[in-house]
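Below, each chain spelled out in residue letters.
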Amino acid sequence: MDNTKKSEGINTSKILYGKPCAEKVLLDVKKNIEKFLLNGVVPHFAVLVAKDDYASMVYVNMKVQKAKELGISSTLYYVDQNTTTEDVVSEIVSFNQRKDIHGILVQLPLPKQIDKDCILSKIDPSKDIDGLTSFSMGRLAMGLNGLFPATAEAVMELLDFYQIKLLGKRVLMIGMSNIVGKPLSLMLLGRKATVTCAHKDTKDLKRHCMDAEIIFTAVGKPEYIQKEWVSEGCILIDIGYSRVEGRSGDVGDVDYNSVLDHVSMVTPVPGGVGPITVACLMKNIVKAIRI
Ligand code: GUN
């Protein structure tokens, strides 16, 4: 697991690849699925996705494909410009009632005419595999067991896999989305880290970055965290994804090449938190069968 590189006396960072951690999570998921299949239960989740949103379709296809490889079935419901909030609600109510469907995932964003908050509030909490209902968030805030957002779970899996300790650490969470920033802040707090939450209105973000021992960033601003922004030996967990015109592939929030010889650990993008997120979603589907 020690992938620290040393050359000519320069300490380069330990790169926190997601793949081995994702494989570990998936191994456990596979064992659970085998048991369910032996008992005649086929894990099955429903996905609601905006058909015209290219990125959403890419992400959903990745999730459905991974599920298929594992023996998990999926049912897709496509939302378009003509779909109403009532249409989506009635679909969710029907998914809630179906015994053969264990989880419901609403891939965001949905088209503008749809009332997203209304939709999410209709998901049966026992099928909330992406942890986006107020019920799930409430349980997370109270430190109770439940179904929580896969990306936030993925970061916690990564920290545990690489034995990164949180107790008493000064950690900075940049971004306050319901999918990543808020749930992850609560998880870090639950592990007794000293959590600072930053967002687009935070004053003097650089000072907060310099002060942090571990920085988590999930804002989708390509490569905005530079070497000069972080203290030497800091740990950087990059959860940002952006497409930059003229460049192939995704780019993270961290200017990876500039920080590489300066920080002690850093996640790459792609290949860091991303693969673990899909594995954690699969884990939540299996968990939802038991709830
Ligand atoms: N849109 C972008 N990322 C996510 C995610 O993790 N979950 C859901 N439901 N929608 C998303």
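Please refer to the structure placed before this passage.
Residues numbered from 1 in each chain as written. Predicted model: local features only at pLDDT ≥ 70, side-chain atom pairs only at ≥ 80, totals over all residues. Heavy atoms only, no water.

**Concerning the packing of aromatic side chains**
Applying the stated criterion to the full structure yields 2 aromatic pairs. For the ring pair Phe161 and Tyr162, a centre distance of 5.0 Å and an interplane angle of 80 degrees mean the geometry is edge-to-face. For Tyr162, a relative accessible area of 5% puts it in the buried group. For the pair Tyr224 and Trp229, a centre-to-centre distance of 6.3 Å together with 80 degrees between the ring planes defines the contact as edge-to-face. Residue classification places Trp229 among the partly exposed residues on the basis of a relative accessible area of 24%. Cation over ring: Lys221 sits above Tyr224, and NZ or CZ is 5.1 Å from the ring centre. (Phe/Tyr/Trp six-rings, centres within 6.5 Å; stacked < 30°, edge-to-face > 60°. Buried < 20%, exposed > 50% of the residue type's maximum accessible area, 1.4 Å probe, protein only. Lys NZ or Arg CZ within 6 Å of the ring centre and 35° of its normal.)

**Things to note about the pairing of strand β8 (residues 194-198)**
In this sheet, β8 lies alongside strand β7 (residues 170-174) in parallel orientation, the contact comprising 5 bridges. What sits directly across from Ile174, in β8, is Ala198. With respect to chirality, the unit in which β7 leads through helix α7 (residues 181-190) into the neighbouring parallel β8 is right-handed. (Pairing = 2+ DSSP bridges. Helix = DSSP H or I, 4+ residues; strand = E, 2+ residues; numbered from the N terminus. Right-handed = clockwise from strand over helix to strand, strands pointing away.)

**Quick look at the pattern of salt bridges**
Overall, the coordinates contain 12 salt bridges when judged by the stated rule. Across the salt bridge formed by Asp211 and Arg170, the nearest N and O atoms sit 3.7 Å from each other. Separated by 41 residues along the polypeptide, Asp211 in helix α8 (residues 205-211) and Arg170 in strand β7 bring together distant segments of the chain. Via salt bridges that share partners, Arg170, Asp211 and Glu213 belong to a single interconnected network. (Salt bridge = Lys/Arg side-chain N within 4 Å of Asp/Glu carboxyl O.)

**Some thoughts on the nonpolar core**
With 59 residues, the main nonpolar core has Leu184, Phe216, Ile237 and Met282 as its most contacted residues. Residues in contact with Phe216, not counting those within four places in the same chain, are Val155, Leu159, Val171, Leu172, Met173, Ile174, Leu184, Leu188, Ile237 and Ile239. (Core = buried A, V, L, I, M, F, W, Y, C linked by side-chain atoms within 4.5 Å. Contact = heavy atoms within 4.5 Å.)

**Details of the site of the ligand**
In the region of the ligand, the neighbouring residues are Leu105, Val106, Gln107, Leu108, Asp130, Leu132, Thr151 and Ile179. Backbone polar atom of Leu108 to a nitrogen atom of the ligand: 2.7 Å apart, as the coordinates give it. Here Asp130 contributes a side-chain N or O atom positioned 2.5 Å from a nitrogen atom of the ligand. Its free accessible area being 280 Å², the ligand has 80% of it covered by the protein chains. Of the residues contributing to the shell around the ligand, the split by class is 5 nonpolar, 2 polar and 1 charged. (Near = heavy atom within 4 Å. Polar contact = N/O pair within 3.5 Å; in protein donor to acceptor, adjacent residues only side chain to side chain. Areas by Shrake-Rupley, 256 points an atom, 1.4 Å probe, with all protein chains shown as cover. Nonpolar A, V, L, I, M, F, W, Y, C, P; charged D, E, K, R; others polar.)

**As for the packing of helix α1 (residues 19-38) against helix α10 (residues 273-290)**
Contact pair α1 / α10: the axes reach a minimum separation of 9 Å and the direction vectors enclose 25 degrees. Comparing their axes, α10 and α1 come out roughly parallel. In terms of crossing hand, the pair formed by α1 and α10 is left-handed. Here Lys19, Cys21, Ala22, Val25, Leu26, Val29, Asn32, Ile33 and Phe36 of α1 come into contact with α10, specifically with Pro275, Ile276, Ala279, Cys280, Met282, Lys283, Val286, Ile289 and Arg290. Class assignment of the residues belonging to the contact of α1 with α10 gives a composition of 14 nonpolar, 1 polar and 3 charged. (Axes fitted to C-alpha atoms, helices over the stretch in contact; angles between N-to-C directions. Parallel < 35°, antiparallel > 145°, perpendicular 65-115°, else oblique. Left-handed = near helix turned anticlockwise from the far one by under 90°.)

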